[in-house]
Amino acid sequence: MISCKAPCKVNVSLRVLGKRADGFHEVDTVMVPLELCDVLEFFPADGLEMSCDAPGVPLDESNLVMKAGRLMERELGRPMPWHVRLVKNVPHGAGLGGGSSDAACVLSALNELEHGGLSRRRLAELAGEIGSDVGFFIYGMACRCTGRGEKVEPLPEWREWRPWIVLLKPSFGVSTPDAYRRWAGSRELPGIPYGEQRVDGHVLVNDLERPVFEKHLFLAEMKRWLLERPGVRGAMMSGSGSTMFAVAEDEEAACKLMEDAARELDPTLWMWSGLVMREGAR
């Protein structure tokens, strides 16, 4: 048995540049991996199969874990005789890329287990067939992603940026296709800050806040609340939501922020605090 970590991500910046002829949207985004990870364990089996400790997770061919395994079968031209056990720590529908990261982990692990010899570049190309942000997770470091998100450029100059991050997710999720569908006609809500924020020379901004905040007013109020907290250096939505994240001054500020959020916003919030993942830690 071997295991690997599948880190989640936050979009430090996300610009939507317009709709493409293929129906996707052109984006320009910078993403960083966090220390919060799913764990995937690989056991020898008669054929490709999976299980999961979280109830409600589909175990059929619709799961990105299975799609990644089938893609490796096609690429290497032989069956993948492995049982993949998925331990879920990253919430679903959160804008944190949990499913995409799981898929990338499967590609990398099966390449190693089956002695596939595929380069990181080729794995990233395969990842792009599964989903727009799967390729990012092949690299395990800060990256700029363009196109529909599948064109990945590592950003080694970001490797020293490891602030404390606080994640706050309400009980509901957000549909990514719906957020993009309503992006063009969306408007800013009065009194909600949408502009660029600068933290350690990096720009924080998310163009999907407009359509998502219009539909989910609680997220807009969360952002405003976060930016008013002491010890918060920047805050916004990750991806298409529903997770909001804050860059905290230090661990103490991060813990205090979570305590205040549970008391003042919603005691049922899912919360996590930790660091941006160190390059190579996966």
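Residues numbered from 1 in each chain as written. Predicted model: local features only at pLDDT ≥ 70, side-chain atom pairs only at ≥ 80, totals over all residues. Heavy atoms only, no water.

The name an unreviewed UniProt entry assigns to the chain is 4-diphosphocytidyl-2-C-methyl-D-erythritol kinase, from the organism Akkermansia massiliensis. A UniProt comment under Sequence similarities (unreviewed entry) is attached to the chain, and it reads "Belongs to the GHMP kinase family. IspE subfamily." Its UniProt record gives the chain the following Pathway (unreviewed entry) comment, quoted word for word: "Isoprenoid biosynthesis; isopentenyl diphosphate biosynthesis via DXP pathway; isopentenyl diphosphate from 1-deoxy-D-xylulose 5-phosphate: step 3/6." (UniProt positions renumbered as here; feature names shortened; annotations may be inferred.)

### Some remarks on the state of the cysteines
Covalent bonding between the sulfur atoms of two cysteines is what defines a disulfide. Across all of its chains, the model carries one disulfide by this definition. Paired by a disulfide, Cys 4 and Cys 105 hold their sulfur atoms 1.8 Å apart. The disulfide joining Cys 4 to Cys 105 has a torsion of about 75 degrees about its S-S bond and is therefore right-handed. Remark: Cys 105 occurs in helix α2 (residues 98–113) and Cys 4 occurs in strand β1 (residues 2–19); sequence separation between them is 101 residues. What makes Cys 105 buried here is its relative accessible area of 0%. There is no disulfide at Cys 52, and the cysteine sulfur nearest it, in Cys 105, is 13 Å away. Looking at the unpaired Cys 255, the closest cysteine sulfur is the one in Cys 8, lying at 17 Å. For Cys 255, a relative accessible area of 32% puts it in the partly exposed group. (Disulfide = S-S within 2.5 Å. Helix = DSSP H or I, 4+ residues; strand = E, 2+ residues; numbered from the N terminus. Buried < 20%, exposed > 50% of the residue type's maximum accessible area, 1.4 Å probe, protein only.)

### Structural notes on unusual backbone geometry
Look at the link from Gly 241 to Ser 242: it is a cis peptide, with omega at 15 degrees. Note that Ser 242 resides in the loop between β10 (232–237) and β11 (244–248). Positive phi, normally seen in glycine, also occurs at His 115, with a value near 50 degrees. If you trace the backbone, His 115 turns up in the loop between α2 and α3 (120–130). Of the residues examined, His 115 reaches a relative accessible area of 71% and is grouped as exposed.

### A word on the pattern of salt bridges
Per the counting criterion, the structure on display carries 27 salt bridges. Linking Lys 88 and Asp 102 is a salt bridge whose minimum nitrogen-to-oxygen distance equals 3.5 Å. You can see Lys 88 sitting in the loop between β4 (82–87) and α2 and its partner Asp 102 sitting in helix α2, a full 14 residues away along the chain. Classification of Asp 102 as buried rests on a relative accessible area of 3%. The partner of Arg 122 in a salt bridge is Glu 125, and the shortest N-O contact between them spans 3.0 Å. Remark: Glu 125 and Arg 122 occur in helix α3; sequence separation between them is three residues, near one turn of the helix. The partly exposed category is assigned to Arg 122, whose relative accessible area is 26%. One network of salt bridges, with partners in common, ties together Glu 228, Arg 229, Lys 256, Asp 260, Arg 263 and Glu 264. (Salt bridge = Lys/Arg side-chain N within 4 Å of Asp/Glu carboxyl O.)

### Quick notes on the pairing of β11
Of all five residues that make up β11, five are buried, and the element is covered over most of its length. Along β11, one buried face is formed by Met 244, Ala 246 and Ala 248 and the opposite face, lined by Phe 245 and Val 247, is buried too. Where strand β7 (residues 164–169) and β11 come together, five bridges link them in antiparallel fashion. From the neighbouring strand, Ile 165 faces β11, where its bridge partner is Val 247. (Pairing = 2+ DSSP bridges.)

### Here we look at the UniProt feature "domain: GHMP kinase C-terminal" (unreviewed entry) in the chain
The feature "domain: GHMP kinase C-terminal" (unreviewed entry), as annotated in UniProt, sits at residues 208–256 in this numbering. Taken as a whole, residues 208–256 contains 49% helix and 22% strand, while its terminal C-alpha atoms sit 28 Å from one another.

### Things to note about the packing of α2 against α3
Where α2 contacts α3, the axes come no closer than 10 Å and their chain directions differ by 140 degrees. With respect to α3, the element α2 is oriented oblique. The handedness of the crossing between α2 and α3 is right-handed. Every residue of α3 that contacts α2 at Ala 103, Leu 107, Ser 108 and Asn 111 is listed here: Leu 123, Leu 126, Ala 127 and Ile 130. (Axes fitted to C-alpha atoms, helices over the stretch in contact; angles between N-to-C directions. Parallel < 35°, antiparallel > 145°, perpendicular 65-115°, else oblique. Left-handed = near helix turned anticlockwise from the far one by under 90°. Contact = heavy atoms within 4.5 Å.)

### Observations concerning the UniProt feature "binding site: ATP" (unreviewed entry) in the chain
If you check UniProt for "binding site: ATP" (unreviewed entry), the listed places come out as Pro 91, His 92, Gly 93, Ala 94, Gly 95, Leu 96, Gly 97, Gly 98, Gly 99, Ser 100 and Ser 101 in our numbering. In this fold, Gly 97 is placed in the loop between β4 and α2. Assessed through its relative accessible area of 14%, Gly 97 is described here as buried. Not counting residues up to four positions away in its chain, the partners in contact with Gly 97 are Lys 9, Asp 133 and Phe 137. Looking at the element boundaries, Gly 98 is found in helix α2. Beyond its immediate sequence surroundings of up to four residues, Gly 98 is in contact with Asp 38, Lys 88 and Val 90.

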